Amino acid sequence: MKSALQRKSFKGVELNRILKFCLPIIFLTIFFYLPLFNITKSAFFSESNKFTFDNFYTIFTKPYTLKVLSFTFKQAFISALFTLIIGFPGAYIISHYDFRGKGFLISLTTVPFVLPSVLVALGFITLFGTNGFVNQILMGVFHLSHPISLLYSFTGIILVHVFYNFPIVVRIIGADWEGISEEYKFAAESMGASRLAVFIKVIVPLLLPAIIASFSLVFVFCFLSFVIILTIGGARFATIEVSIYTYYNMFSDFKMGSALALFQGIFSLLFMYIYLWSGNLIKKGTLKRGIAKKRNIVKNKTTLSLSLTYLIFVAVLIIAPIAVIFISAFRNPLTGAFTLSNFAGLMSSKYNYITGVLPIHVIGNSLVFAGITVIFSIIFALLITYGLRGKFIGKNILLTLFMLPLAISPITIALSYIISFQGHPALLNSWVIIPIAHTLIALPFTVRALLPMIETTSVSYVFVAESLGMSRLRAFFSVDLNLIRPALIASAVFSFAISMGEFGAAYMLCKPSYTTMPIALFRFLSGRHFGIASAMGALLALASLVAFILIDKLKKEGPII
Amino acid sequence: MKKIDLIGIKKKYEGFSLNVDFDVASGEFISILGPSGSGKTTVLHIIAGFIRQDQGKILRDGNDISFLPTSDRNIGVVFQDYALFPYLSVYSNIAFGLKIKHFESKRIKEAVFNIAEQFGITHILNKYPDIISGGEKQRVAVARAMVVKPDVLLMDEPLSSLDAKIRERLMEELKEFHQRFNTTIVYVTHDQAEAMYLAERIVLMDNGKIDQIDTPVNLYEHPKTLFAREFIGKINRLVANGEIKYIRPEEVIMSRSGEFEGTVERIMYLDSGVEMYVKMQDNRILVREFLRNVKGIKPGDVIRFDLEGGD
């Protein structure tokens with residue numbers, strides 16, 4: 001009797017799950033897994049539909065592609081390494097000291113997740129470019145005949161990647177370091193370990209999961225770098241991501257692009273896997289966790305001055321490139337005088353040959369796409385996370401399937417759409433394809449932001465509501481949604497920011513009439529129209545800033561991805 | 001094993017000041033006992049060198065080690081949750097100190113196997129700390145601290161995170177371990193039962209100061225302060241004719257011809273017997289009895305009893 005009852009309720013629960021998964025699975029199948037399958041097919045089959053390894057053979061034999069491969073790995077490795085080195089002291093400071101403004105500093109570590117990469121490029125060019133602020137000052141002070149060229153080089157790429165990503169290291173390693181109980185250190189010291197030995201034999205092994213996690217995450221981000229390579233690197237440099245685009249754009253070669261995309265996907269997947277796996281390196285519960293007593297930073301003169309130097313360096317590195325965008329938005333690029341004409345340019349048809357439509361319409365496009373992305377990704381993420389709630393067989397596999405888009409690059413997604421929907425121009429040429437791509441890119445972030453909240457929210461609240469006579473649906477709207485509101489808003493803001501800033505997929509799929517802000521920015525930059533670029537950049541930065549503040553208010557702890 | 005002297009040790013924090021003076025004889029098991037916030041762990045950390053004292057000296061066999069870094073103090077420490085390195089096997093955890101001291105690998109192996117045998121943990125040497133039991137963890141932690149042959153073993157509430165049954169067994173083990181190795185041990189705890197059972201002398205601490213240093217028996221039978229009376233065991237405070245008397249619950253003896261009488265308010269059945277609160281004029285006293293002696297008694301009944309001893 002009892003077991004029959006249990007079985008019945010078990011079936012009911014499972015049916016409920018399956019119903020919730022329906023919509024997201026249909027969406028992912030049509031707009032992710034089938035296109036991915038088509039890319040695989042395109043990479044392995046010749047024009048005459050014969051199975052072949054030719055495309056891969058070309059990748060590993062042609063000097064151009066070999067150069068692309070080695071450059072991609074090299075820059076990603078070096079970027080991740082330096083990011084780790086620059087981020088490490090920051091992780092130490094936030095985990096060991098208390099000081100005013102620390103909360104703000106920790107909040108700043110969210111910046112890379114909400115700041116569009118094209119904006120970072122704009123900021124660095126405005127700051128360090130040949131006509132940038134730094135060069136203008138240096139040339140004025142030292143009467144140099146030539147500007148210092150920091151950008152448009154390998155070093156420039158590394159510099160921007162490090163800036164963009166080091167907060168990730170501070171965040172991930174800092175959080176773990178803070179949790180390491182002092183007793184490990186004490187235990188080692190009591191057995192005769194010096195400070196150096198404690199660091200090497202105790203702290204580093206205990207931080208190893210965090211080190212591996214942050215390294216592999218930064219590696220993936222740099223490995224898939226696109227717009228920074230195009231703008232900061234210039235024509236001499238190409239990552240795999242750039243060359244997929246080049247093969248498509250210059251040679252209309254889908255096959256090589258597909259093969260490269262597949263190769264790239266395998267590696268980004270591998271490093272994403274390492275990132276997620278590193279969390280299990282030291283089994284939870286065995287690590288003695290305690291919040292170490294924070295010292296006052298002012299106590300020791302040497303630490304104080306070292307920390308201050310680092311903090312100022314960090315603040316300059318994070319804030320300056322964004323600040324200069326706002327400054328140069330109100331500056332005449334030639335005379336340097338205060339002006340509003342950059343913003344006036346947003347309303348004029350002067351740049352229509354670049355953007356296709358009035359720049360002001362570009363802003364409208366971005367807002368509409370972002371709005372639709374938010375609606376789509378929130379609906380899907382709610383269905384997915386409520387479906388995943390609780391324990392059941394196959395949960396991890398399902399979660400992985402929903403999170404997989406994280407490892408696939410925007411250019412790959414765009415290419416897979418072009419290959420898959422060639423026969424459906426009404427879809428491929430419609431503006432809808434952009435919010436669809438953005439939903440796919442944002443979905444893993446929204447799922448990841450909502451899941452912990454939904455897993456920990458007690459079901460009994462809803463049971464209480466239902467027992468008091470509320471229908472299940474009304475209980476969802478008046479109880480569930482209120483309980484998860486902070487996480488819900490945070491993930492909505494997140495998907496909004498992702499869509500506003502996304503460049504690669506939109507760039508590859510876009511038609512002139514629905515140019516987005518990052519695309520227009522990139523075109524202005526390429527055409528060296530710095531005035532209007534700064535004006536639009538300032539507006540995009542403002543949107544990111546609002547997103548940053550909202551996320552900071554709503555999501556205090558936990559990993560972002 | 002060496003003797004440790006703490007002379008005029010002072011340490012100030014905001015709203016707390018520590019001031020202690022005591023010595024630990026060679027081979028002695030001494031326990032620092034006190035409520036949380038009494039400064040007992042701070043004392044242990046000062047002996048270990050994790051914290052530097054503001055004033056005072058620490059002597060080891062008469063030699064000043066006050067400013068020696070922890071790594072040169074030759075101490076062993078066992079922590080509350082043992083702080084076994086989770087990324088090292090049991091073997092490597094025990095070998096850690098020997099490796100730091102650059103012993104030959106052959107000698108390390110010998111020493112680890114030797115101590116593992118003495119502590120009965122040879123079968124778990126290849127395991128990692130996350131899969132061994134609480135009792136095994138304690139043995140590993142003690143073995144890790146002892147393998148470097150420390151002058152003194154410091155233990156910081158090593159049993160407080162374990163449940164009652166296993167705690168009793170490990171107390172037994174620790175006592176046996178001390179008798180066998182004759183190690184100098186400083187054992188910090190807030191649990192009077194642990195201190196009473198294990199220690200040869202107890203340093204009772206209250207709010208940064210030493211309240212009384214004595215053997216467990218003396219501390220129980222002749223507590224010198226109100227704090228000592230109330231912290232060690234349960235005690236009744238009786239006011240009669242303007243005089244204050246302290247009487248342990250077991251010093252209240254039920255008897256039909258008893259001198260005093262009172263009304264039973266509440267009866268609690270515990271594993272060690274029965275505790276009753278008895279109302280007696282202005283006082284409310286705690287009585288401890290065997291179950292067989294209180295059969296049939298219920299709240300509201302009047303009982304008679306004698307009061308023994310008391311000072």
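Given the structure is predicted, the values throughout are model-derived calculations rather than measurements.

For chain B, the count of helices and strands is eight helices and 17 strands. Summarising its shape, the C-alpha atoms of chain B cover approximately 75 × 45 × 35 Å along the three principal directions. Taking all 311 residues of chain B together, the buried fraction comes to 39%. Looking at chain B alone, contacts between residues at least 24 apart form 64% of all its contacts between residues at least 6 apart.

Attention shifts here to the overall build of chain A. Assigned secondary structure in chain A consists of 27 helices and two strands. The C-alpha atoms of chain A give a radius of gyration of 25 Å, which matches the 24 Å a tight globule of 561 residues would have. If one aligns the C-alpha atoms of chain A with their principal axes, the spans along those axes are about 90 × 70 × 50 Å. Here chain A holds 561 residues, and the buried ones make up 47% of them. Taking the contacts inside chain A whose residues are at least 6 apart along the sequence as the reference set, 79% of them involve residues at least 24 apart.

Attention now goes to helix H3 (residues 105–118) of chain B. The terminal C-alpha atoms of H3(B) lie 20 Å apart, and with 14 residues this matches the ideal 20 Å at 1.5 Å per residue to within 8%. On its buried face, H3(B) sits against helix H2 (90–100) and helix H4 (134–146) of chain B.

Let's shift gears to the interface of chain A and chain B. With 21 residues of chain A at the interface, the matching set in chain B holds 20 residues. For the side of chain A that touches chain B, the secondary-structure elements that each account for two or more residues are helix H9 (182–190) and helix H10 (195–223) of chain A. Looking at the side of chain A that touches chain B residue by residue, the classes come out as eleven nonpolar, six polar and four charged.

To continue, consider the pairing of strand S9 (residues 201–206) of chain B. Residue and element names in this part refer to chain B. When strand S3 (residues 29–33) meets S9, the two strands line up parallel, connected through four bridges. When the sheet's bridge partners are listed, Leu 33 is paired in S9 with Leu 204. One ladder, built from five bridges, connects S9 with strand S10 (residues 209–214); its direction is antiparallel. When the bridges of S10 are listed, Leu 204 appears paired with Gln 212. In this structure, the hairpin formed by S9 and S10 is closed by a connection of two residues, where Asn 207 is found at a positive phi of approximately 50 degrees.

A few words on the nonpolar core. Membership of the largest hydrophobic core comes to 239 residues, with the highest contact counts inside it found for Ala121(A), Ala437(A) and Leu521(A). Here this core takes 15 residues from H10(A), the largest share from any one element. Beyond its immediate chain neighbours, meaning those up to four positions away, Leu521(A) contacts Val118(A), Leu122(A), Ala533(A), Met536(A), Gly537(A) and Leu540(A). Counting eight residues, the second largest nonpolar core, distinct from the first, contains Ile247(B), Val252(B), Met276(B) and Phe305(B).

As a further point, take the confidence of the model for chain B. Counting all residues, the mean pLDDT for chain B is 89, and 99% of those residues have values of 70 or more. Across the interfaces of the predicted complex, the ipTM metric reaches 0.80, alongside a pTM of 0.83.

Residue and element names in this part refer to chain B. Across the sheet, which stays open at both edges, the five strands sit in the order S13-S17-S14-S15-S16 with antiparallel pairing between neighbours. Looking along the sheet, the strands with just one partner apiece sit at the ends: strand S13 (252–254) and strand S16 (283–289). Neighbour-to-neighbour, the strand axes of this sheet turn through a mean angle of 45 degrees, independent of strand direction. Relative to S16, strand S15 (residues 273–280) runs antiparallel, the two being bridged by seven bridges. Across the sheet, the residue bridging to Met 280 is Asn 283, located in S16.

Along the chain, Glu250(B) falls in the loop between strand S12 (243–247) and S13. Spatially, the C-alpha atom of Glu250(B) lies 9.4 Å from that of Lys234(B), the residues being 16 residues apart in sequence.

In this section: the pairing of S12(B). Across five bridges, strand S11 (residues 236–240) of chain B lies against S12(B) in antiparallel orientation. What sits directly across from Asn236(B), in S12(B), is Ile247(B).

All right, on to the packing of helix H24 (residues 485–501) of chain A against helix H27 (residues 530–554) of chain A then. All names here are of chain A. For the pair H24 and H27, interaxial distance at closest approach is 9 Å and the crossing angle is 160 degrees. Of the possible angle classes, the one that applies to H24 and H27 is roughly antiparallel. For the crossing formed where H24 meets H27, the hand is left-handed. Seen from H24, the contacting residues are Pro 486, Ile 489, Ala 490, Val 493, Phe 494, Phe 496, Ala 497, Met 500 and Gly 501; seen from H27, they are Leu 540, Ala 543, Ser 544, Ala 547, Leu 550, Ile 551 and Leu 554.

Here is what the cut-offs are and how they apply
- Residues numbered from 1 in each chain as written.
- Chains lettered and ligands numbered in written order.
- Predicted model: local features only at pLDDT ≥ 70, side-chain atom pairs only at ≥ 80, totals over all residues.
- Helix = DSSP H or I, 4+ residues; strand = E, 2+ residues; numbered from the N terminus.
- Buried ≥ 20, exposed ≤ 12 C-beta atoms within 10 Å, placed from the backbone.
- Contact = placed C-beta atoms within 7 Å.
- Rg over C-alpha atoms; globule rule 2.2 N^0.38 Å.
- Expected span 1.5 Å × (residues − 1).
- Nonpolar A, V, L, I, M, F, W, Y, C, P; charged D, E, K, R; others polar.
- Pairing = 2+ DSSP bridges.
- Core = buried A, V, L, I, M, F, W, Y, C linked by C-beta atoms within 7 Å.
- pLDDT = per-residue confidence, 0-100.
- Axes fitted to C-alpha atoms, helices over the stretch in contact; angles between N-to-C directions.
- Parallel < 35°, antiparallel > 145°, perpendicular 65-115°, else oblique.
- Left-handed = near helix turned anticlockwise from the far one by under 90°.

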